[in-house]
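# Secondary and tertiary structure notes
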Amino acid sequence: MPDNHSGVDGAQVLADLSALRAIGAYKTGVHKPTFSEPHIRSLQWLAQRLPEAGLTAEIDGIGNVLGTSDKPGPKLLAGSHLESQNYAGWLDGPLGVVYALEAARVINSDRNAHGMIEVAAWCDEEGHFGSFLGSRSYVGGVTDAEIDAARDRSSGKSMRDALREAGLAGRARVACERGRHLGYLEAHIEQGERLEGSGLKIGVVTSIVGIWQYRIAFTGEQNHAGTTRMAVRRDAGLALARFCVDIDDRFPAHCGPRTVWTTGRITLDPGAPSIIPGAAEMLFQIRDDDAEVIARLEDLLRSMAADISARGRCTVAVERIRTGAPALMDASIQTAVEAASAAFAGGKSIRMPSGAGHDAQVLATVMPSGMLFVPSIGGISHHWTENTADADIVTGAEVFVDACRRLLKGHSVFERSGRRFA
Ligand code: HGY
Ligand code: MN
Ligand code: MN
């Protein structure tokens, strides 16, 4: 294959993405939460396509789709996820899965290639049931007890029931074979406006943030909204609202340069206009690529909560429900992605951190891992208007496949990097 040709069939990549977009379509996006019917159909869609890339497909006991080859020689693992946030975008996840499928189709059928691409779609990256349950299961980080306890954050359905309804109950979970892969490469939409804003086409990811999530519960006293004097109220909703503002006032003095924090969900109980809420709950997240910064902010959060409880009107309980280690992306993979960008994206690439969490940060605990980003229009994501220009999608696929080739060809690069994962 001539050097200036990646072998990518851009029309096929776009057609595959459109086929996945049609499964669980919602306005111009999709609604396919983990183990929903459209999510299961998306897993099956991928499993049916993997043999055309010379791979044997299986859907394992936690809903990961794995495409593997028994051919000898170096193997690079590539993939992303297929479920979506609720009523969200069509590319968050599927872009990386389709790129991995295309890389496997192109490279696994090329006699001159220096190895094989194996493909994965990790289950529940979007955290409907937990934290990176699919990719963490693959690296050996999920116990049966964690699955027993896992519940859908929207419906409350147990993961065991969801697995059974998906026909996956009792099925073995596939664990990674240490040393099988020379590394893992994931493509993803940027979900931010940096690439578009600077007219660049490829983000070479340097690090991925850690995400720490909290359930913060406020307890006051439910009472009548008309007859309860303002001076004696113990309004849990008001205490929560004040707490959110206090966080915004006090965190900046203690955070890092790229720290972000979000209150993504607030519930008031009983949530009626004529009743003072006796209970309130917020789901709160802190993200940073330095775990010490997150730990420092958690200490501040807990001391702020203790101060409110000490005043005696409402009590506040802070429960940490999710932690995730930040991860550095492998330098050799960054170099390969940058070289591929020079070859297929006119060198319009930039090294940048990821403010979003990704399965690559989990795979990075067991093998050299890297990511590349393509531009998001308007920087929008986790919303059904999320989109990327077709031309950028195709360019990204060409860079991705070329980077895969380079990594397979130069897999000895990993030997030199001295990183061993036994
Ligand atoms: O929330 C995240 O960072 C990822 O998109 N699930
Ligand atoms: Mn994603
Ligand atoms: Mn996402």
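Residues numbered from 1 in each chain as written. Chains lettered and ligands numbered in written order. Predicted model: local features only at pLDDT ≥ 70, side-chain atom pairs only at ≥ 80, totals over all residues. Heavy atoms only, no water.

## Notes on the coordination of the manganese ion (ligand 2)
In ideal tetrahedral geometry, four donors around a metal make angles of 109.5 degrees, whereas ideal octahedral geometry with six donors gives angles of 90 or 180 degrees. Those protein atoms acting as donors to the manganese ion (ligand 2) are His81 (NE2), Asp92 (OD) and His188 (NE2), and they sit at 2.1 to 2.2 Å. Mapped onto the sequence, the residues coordinating the manganese ion (ligand 2) show the spacing H-x10-D-x95-H. In this model, the manganese ion (ligand 2) sits 3.4 Å from the manganese ion (ligand 3), the two metals being bridged by Asp92. In this pair, His81 sits in strand S5 (residues 75–81) while His188 sits in strand S7 (residues 183–189), placing the two residues 107 residues apart along the sequence. Pair check on accessibility: His81 and His188 agree, each one buried. (Donors = N, O, S within 2.8 Å, 3.2 Å for Na, K, Ca; no water. Helix = DSSP H or I, 4+ residues; strand = E, 2+ residues; numbered from the N terminus. Buried < 20%, exposed > 50% of the residue type's maximum accessible area, 1.4 Å probe, protein only.)

## Brief notes about the environment of Arg322
Following the sequence through the fold, Arg322 ends up in strand S14 (residues 315–322). A sequence separation of 192 residues divides Arg322 from Gly130, and the C-alpha atoms of the two residues are 7.9 Å apart. When residues no more than four places from it in sequence are discounted, the contact partners of Arg322 are Gly130, Ser131, Phe132, Ile211, Trp212 and Gln213. At 3.3 Å, the side chain of Arg322 and the side chain of Ser131 are in polar contact. (Contact = heavy atoms within 4.5 Å. Polar contact = N/O pair within 3.5 Å; in protein donor to acceptor, adjacent residues only side chain to side chain.)

## Considering the packing of helix H10 (residues 331–344) against helix H12 (residues 390–409)
At their nearest, the axes of H10 and H12 sit 8 Å apart, and the two run at 130 degrees to each other. By the angle between their directions, the pair H10 and H12 is classed as oblique. When you trace H10 past H12, the crossing you get is right-handed. The segment H10 lies against H12, with Ser332, Ile333, Ala336, Val337, Ala339, Ala340, Ser341, Ala343 and Phe344 engaging Thr395, Glu398, Val399, Asp402, Ala403, Arg406 and Leu407. Considered class by class, the residues forming the contact of H10 with H12 number 10 nonpolar, 3 polar and 3 charged. (Axes fitted to C-alpha atoms, helices over the stretch in contact; angles between N-to-C directions. Parallel < 35°, antiparallel > 145°, perpendicular 65-115°, else oblique. Left-handed = near helix turned anticlockwise from the far one by under 90°. Nonpolar A, V, L, I, M, F, W, Y, C, P; charged D, E, K, R; others polar.)

## Side note on the packing of aromatic side chains
The description of two aromatic rings rests on the distance between their centres and on the angle between their planes. On inspection of all chains with the given rule, the structure shows 9 aromatic pairs. Centroid distance Tyr99 to Phe400: 5.8 Å. Interplanar angle 50 degrees. Geometry classified as tilted. Highlighted residues: Tyr99 in helix H3 (residues 94–108) and Phe400 in helix H12, separated in sequence by 301 residues. Look at Tyr214 and Phe284: their rings are 6.4 Å apart centre to centre, the planes differ by 40 degrees, and that puts the pair in the tilted class. Placement of Tyr214 in strand S9 (residues 210–219) and of Phe284 in strand S13 (residues 279–288) is noted, with a sequence separation of 70 residues between them. (Phe/Tyr/Trp six-rings, centres within 6.5 Å; stacked < 30°, edge-to-face > 60°.)

## Observations regarding the sheet that holds S14
The strand order across the open sheet formed by 4 strands is S11-S13-S9-S14, and the pairing between neighbours is antiparallel. At either margin of the open sheet sits one strand with a lone partner, and together these are strand S11 (260–269) and S14. On average, each strand axis in the sheet is tilted by 20 degrees relative to the strand beside it, whichever way the strands run. With 7 bridges joining them, S9 and S14 adopt antiparallel strand pairing. Each residue of the ladder has a partner; that of Ala217, found in S14, is Ala317. (Pairing = 2+ DSSP bridges.)

## Topic: the side chain of Asp288
In this fold, Asp288 is placed in strand S13. One buried charged residue, Asp288, forms no salt bridge at all, with the nearest opposite charge on Arg258 at 6.7 Å. There is a polar contact of 2.5 Å between the side chain of Asp288 and the side chain of Thr259. Apart from residues lying up to four places away in sequence, Asp288 is in contact with Val209, Gly210, Gly256, Arg258, Thr259, Val293, Ile294 and Pro326. (Lys, Arg positive; Asp, Glu negative; His and termini not counted. Salt bridge = Lys/Arg side-chain N within 4 Å of Asp/Glu carboxyl O.)

## Looking at the UniProt feature "binding site: Zn(2+) 1" (unreviewed entry) in the protein chain
As recorded in UniProt, the feature "binding site: Zn(2+) 1" (unreviewed entry) lies at His81, Asp92 and His188. Spanning 108 residues, the named residues nonetheless gather at one spot, since no C-alpha pair among them exceeds 9.7 Å. Residue contacts for His81: discarding those within four places in its chain leaves Asp92, Gly93, Pro94, Val97, Trp122, Glu125, Glu126, His188 and Asp359. Of the polar contacts made by the side chain of His81, one reaches the backbone oxygen of Glu83; its length is 3.1 Å. Mapped onto the elements of the fold, Asp92 is located in the loop between S5 and H3. Judged by its relative accessible area of 5%, Asp92 falls in the buried class. Contact partners of Asp92, with chain neighbours within four places excluded, come to His81, Glu83, Glu126, His188, Ile189, Gln191, Ser381, His382 and Glu386. Polar contacts involving the side chain of Asp92 include one to the side chain of His188, which spans 2.9 Å. (UniProt positions renumbered as here; feature names shortened; annotations may be inferred.)

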